[in-house]
Amino acid sequence: MGTNGSTMLEPLRQGLPPLDPSTVSNAASCALPARYEAVREARQFSRRTLTQWDIGDRFDDVCLVVSELVTNALRHALPTDTAPPPAQEPPVRLHLMRWTERLVCAVRDPSRESPVAYDAEEFSEDFSAESGRGLFLVDSFSDSWGWHPLSGTLGGKVVWALFGLGSAE
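**A look at the nonpolar core**
Leu-32, Val-66, Val-70, Leu-94 and Leu-103 are the most contacted members of the largest nonpolar core, which has 32 residues in total. At the level of elements, β2 (26-32), α1 (37-52), α2 (59-77), β3 (92-98), β4 (102-109), α4 (133-141), β5 (144-149) and β6 (157-164) are the ones that each hand at least two residues to this core. Counting residues in each nonpolar core, the second largest holds eight residues, with Trp-99, Ala-106, Val-158 and Trp-160 among its members.

Structural data, given as structure tokens:
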């Protein structure tokens with residue numbers, strides 16, 4: 001199969017990391033439009049949020065991961081052949097959740113398909129160099145990541161990445 005097969009980096013199909021939701025000290029989320037400017041909006045939202053939470057020292061890593069997760073959601077999870085039906089809720093949403101020593105970035109999208117780490121065959125030549133690289137960056141810059149399908153009226157899935165914050169002594 002070679003090193004470029006989709007089995008090279010298998011995302012974990014699991015729920016959010018084992019962190020008690022009732023102990024979240026901060027949480028913020030923003031809805032993102034189905035257009036590529038959403039990546040910039042997600043970065044700006046993340047910068048403002050991390051600055052407010054006084055964890056700006058992790059901004060570069062978090063911002064890179066947020067950019068990749070949002071780009072993947074826009075590129076792979078949104079229907080491209082038809083106009084999306086009008087919905088009350090934009091199709092992609094970024095969630096940032098902070099515990100004392102952990103930060104989780106989670107991106108919700110409408111697809112229930114597993115994130116794929118290498119997908120170049122589905123894209124034209126100019127996309128092939130970029131396609132699939134994002135999840136390797138997520139894996140490299142976060143402490144762990146995974147995804148899980150959503151049930152109920154929302155549908156779709158959440159792809160998450162966890163960052164250890166440690167003490168800023």
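**Remarks on α1**
With 16 residues, α1 extends 23 Å between its outermost C-alpha atoms, agreeing within 8% with the 22 Å of an ideal straight helix rising 1.5 Å per residue. Those residues of α1 that fall on the buried side of the exposure criterion are Ala-38, Val-39, Ala-42, Phe-45, Ser-46, Thr-49 and Leu-50. The arc enclosing the buried residues of α1, seen along the axis, measures out at 125°, which places them on a common side. Structural note: α1 exposes Arg-48, Thr-51 and Gln-52 on the side pointing more than 90 degrees away from its buried face. Of the residues trailing α1, Asp-54 is marked for its positive phi of about 60°.

Calculation criteria
By convention here, each chain's residues receive numbers from 1 onward along its written sequence. Reporting in this predicted model follows two pLDDT cut-offs: at least 70 for local features of residues, and 80 or more for side-chain atom pairs to be given and counted; totals over whole chains, interfaces and linings ignore these cut-offs and use all residues. The side-chain numbers reported here are obtained from all heavy atoms of the structure, hydrogens and water having been left aside. Grouping buried Ala, Val, Leu, Ile, Met, Phe, Trp, Tyr and Cys residues that are joined through side-chain atoms within 4.5 Å yields what is termed a nonpolar core. Burial classes follow relative accessibility: with a 1.4 Å probe on protein chains only, a residue under 20% of its type's maximum area counts as buried, one over 50% as exposed, and anything between as partly exposed. The secondary structure listing takes helices from DSSP runs of H or I that are at least 4 residues long and strands from runs of E that are at least 2 residues long, numbered from the N terminus. The length a helix should cover is 1.5 Å for every residue beyond the first. Directions drawn from the helix axis to the C-beta atoms are what define this arc.

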